[in-house]
Amino acid sequence: MFSSLSGRAAVLSTEVAQILLRNTSIRTASTFKTTGLLTANHARFWLQSQPLSLPQAKHYATTGPTNPTQLAAGEDEQGGFFKRFIARMGWIDNSKVRLRVSSCTLYESVADSINYAEFFTLFRMPDTFNTWFLITELHVWMLLVRSMAEGAEKDAAGRYLRNCIVETMWDDVTTRAKKLAASNPSAVKPQIQMLSEQFQAALISYDEGVCFDDKALAAALWRRFFSGHCDDYEKLELLVKYVRKQMSMLDQLSRYDFAIKPKVQWLPLVDKPSI
């Protein structure tokens with residue numbers, strides 16, 4: 001048995017900036033509290049550009065510079081007059097460019113590195129677009145939680161990185177959906193809208209789970225990931241432990257290794273037996 005979760009879990013944000021989803025005309029936003037709970041705005045907003053016990057979670061460090069113009073590794077903390085003038089005026093903000101590139105790299109670490117077949121087989125999930133999205137959504141949520149550890153304030157690096165990850169995800173989801181529905185392109189937009197609502201609800205549910213104990217996280221995974229259909233509680237326990245160890249792995253990454261030059265290496269779903 002593991003000790004219960006303690007300490008403050010990093011949450012997604014205090015406000016979600018509106019992100020314009022490429023190839024669609026939908027604009028979305030949502031409001032979050034900073035107390036560890038996500039509060040859903042009961043209007044239909046779209047997000048485009050979100051019995052067990054576990055090991056004790058670390059506090060996500062949020063100290064240090066959080067503005068994108070200060071985040072780049074190796075920057076002189078004092079800087080010269082010209083650099084400070086440029087940063088203040090908002091010109092040539094290379095840090096935001098770096099963060100946007102990092103967001104693509106982070107998302108690709110999910111889409112290209114996660115062993116989806118292992119999830120399909122172990123959890124007896126059908127190999128469908130919706131199942132692919134459920135698996136991707138769970139890992140993207142973990143990236144968003146870690147991103148917010150780099151600053152949740154307005155214009156902070158963490159908030160900007162989070163928004164870029166979400167935007168990248170929806171670009172990929174839309175592209176895949178269009179390829180699958182090539183014979184019926186009119187069905188893509190309603191499908192993306194439905195996934196947007198589900199994604200919004202999943203962020204709220206998962207965030208509540210990680211802020212409380214493993215029972216809450218297990219309930220969130222049972223409702224969303226398993227769609228309320230999982231009678232094998234050992235598999236549910238396995239997924240809870242999987243989420244916790246991935247969160248711990250992300251927590252141990254330095255700011256540079258996560259936000260500047262991402263080096264995310266996802267752990268396997270099932271640990272290989274030691275020889």
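Please read these numbers as outputs of a predicted model, since none were measured by experiment. Along each chain, residues carry numbers from 1 onward, in the same order as the chain's sequence is written. Local features in a predicted model are, by the rule used here, given only for residues with pLDDT of at least 70; side-chain atom pairs are given and counted only at 80 or more, and totals for whole chains, interfaces and linings are based on all residues. Only hydrogens and water are set aside; all other atoms, that is, all heavy atoms of the structure, feed into the side-chain values.

Caption draft 1: Quick look at the overall build of the chain. Strands are runs of DSSP state E lasting at least 2 residues, helices are runs of H or I lasting at least 4, and numbering of each runs from the N terminus. A count of helices and strands for the chain gives 10 helices and 2 strands. Under the scheme applied here, a residue whose accessible area is under 20% of the maximum for its type counts as buried, over 50% as exposed, and between as partly exposed, the area being computed with a 1.4 Å probe on protein chains only. In the chain, buried positions account for 48% of the 275 residues. For accessible areas, the Shrake-Rupley method is used with a probe of radius 1.4 Å. Any residue's cover is judged against the shown protein chains and nothing else. In the structure as shown, the chain presents an accessible area of about 14,300 Å², 54% of it carried by carbon and sulfur atoms.

Caption draft 2: Main features of the packing of aromatic side chains. Each Phe, Tyr or Trp ring, with Trp reduced to its six-membered ring, pairs with another whose centre is within 6.5 Å; inter-plane angles below 30 degrees give stacked pairs, above 60 give edge-to-face pairs, and intermediate values give tilted ones. Tallied over the entire structure, the rule returns 11 aromatic pairs. Taken together through their ring pairs, the aromatic side chains of F119, F123, F225, F226 and Y242 make up a single cluster. Lysine NZ or arginine CZ positioned within 6 Å of the ring centre and within 35 degrees of the ring normal marks a charge as sitting over the ring. Residue placement shows R146 over the ring face of F258; its charged tip is 4.9 Å from the ring centre.

Caption draft 3: Just the nonpolar core, in detail. By size, the foremost hydrophobic cluster in this structure holds 62 residues, and its most contacted members are W141, L221 and F225. The leading source of residues in this core is helix 5 (residues 129–148), at 12 residues. Within this scheme, the nonpolar core is defined by two criteria: the residues are buried Ala, Val, Leu, Ile, Met, Phe, Trp, Tyr or Cys, and they are joined through side-chain atoms within 4.5 Å.

Caption draft 4: Molecular detail of the pattern of salt bridges. Any carboxyl oxygen of Asp or Glu that lies within 4 Å of a side-chain nitrogen of Lys or Arg is treated as forming a salt bridge with it. Counted under the stated rule, the structure contains 9 salt bridges. The shortest N-O distance in the salt bridge between R224 and E137 comes to 2.8 Å. Here R224 is found in helix 8 (residues 214–224), whereas its partner E137 is found in helix 5, with 87 residues between them in sequence. For the pair R224 and E137, one class covers both residues: buried. Residue R176 pairs with D172 through a salt bridge whose shortest N-O separation is 2.9 Å.

Caption draft 5: How the structure looks around the environment of E150. In this structure, E150 sits in the loop between helix 5 and helix 6 (157–180). Looking at E150, the relative accessible area reads 3%, which means it is buried. A C-alpha to C-alpha distance of 8.8 Å links E150 and L161, two positions 11 residues apart in sequence. Whenever two N or O atoms come within 3.5 Å, that pair is a polar contact, provided that in protein one can donate a hydrogen and the other can accept it, and provided that, for residues adjacent in sequence, both atoms are side-chain atoms. For E150, the side chain forms a polar contact with the side chain of R255, separated by 2.4 Å.

Caption draft 6: Representation of the confidence of the model for the chain within the structure. With 65% of its residues at a pLDDT of 70 or more, the chain has an overall mean of 74. The pLDDT value tells you how sure the predictor is about a given residue, anywhere from 0 up to 100. No element of the chain has a lower mean pLDDT than strand 2 (residues 27–28), at 28, and none a higher one than helix 5, at 97. Every residue pair with non-hydrogen atoms within 4.5 Å of one another is taken to be in contact. Note that residues 1–79 has pLDDT below 50 and, in this model, 211 contacts with residues that lie over four places away or in other chains.

Caption draft 7: Main features of helix 9 (residues 233–252). By this rule the span expected of a helix is its residue count minus one, scaled by 1.5 Å. Here helix 9 contains 20 residues, and its C-alpha end-to-end distance of 29 Å stays within 8% of the 28 Å for a straight helix at 1.5 Å per residue. Regarding helix 9, the residues found buried are K235, L236, L239, V240, Y242, V243, R244, Q246, M247, M249, L250 and D251. Check the buried side of helix 9 and you find it contacts helix 4 (116–122), helix 5, helix 7 (188–211), helix 8 and helix 10 (255–260). Among the residues of helix 9, the N-terminal cap falls to D232, whose side-chain oxygen and the backbone nitrogen of E234 are separated by 3.1 Å.

Caption draft 8: Representation of the packing of helix 5 against helix 6. Between helix 5 and helix 6, the shortest axis-to-axis distance is 9 Å and the interhelical angle comes to 170 degrees. Taken together, the axes of helix 5 and helix 6 are roughly antiparallel relative to one another. We call Asp, Glu, Lys and Arg charged. Ala, Val, Leu, Ile, Met, Phe, Trp, Tyr, Cys and Pro are nonpolar, and the rest, Gly among them, are polar. For the contact of helix 5 with helix 6, the class distribution of residues is 15 nonpolar, 2 polar and 4 charged. Convention adopted: a line fitted to C-alpha atoms gives each axis, helices being fitted over their contacting stretch, and angles between N-to-C directions are expressed from 0 to 180 degrees. For classification purposes, an angle smaller than 35 degrees is called roughly parallel, one larger than 145 roughly antiparallel, one from 65 to 115 roughly perpendicular, and anything else oblique.

Caption draft 9: A look at the state of the cysteines. Note on terminology: pairs of cysteine sulfur atoms within 2.5 Å are recorded as disulfides. With the rule as written, the count across this model stands at 0 disulfides. Cysteine C164 shares no disulfide, and the gap to the nearest cysteine sulfur, in C104, comes to 7.8 Å.

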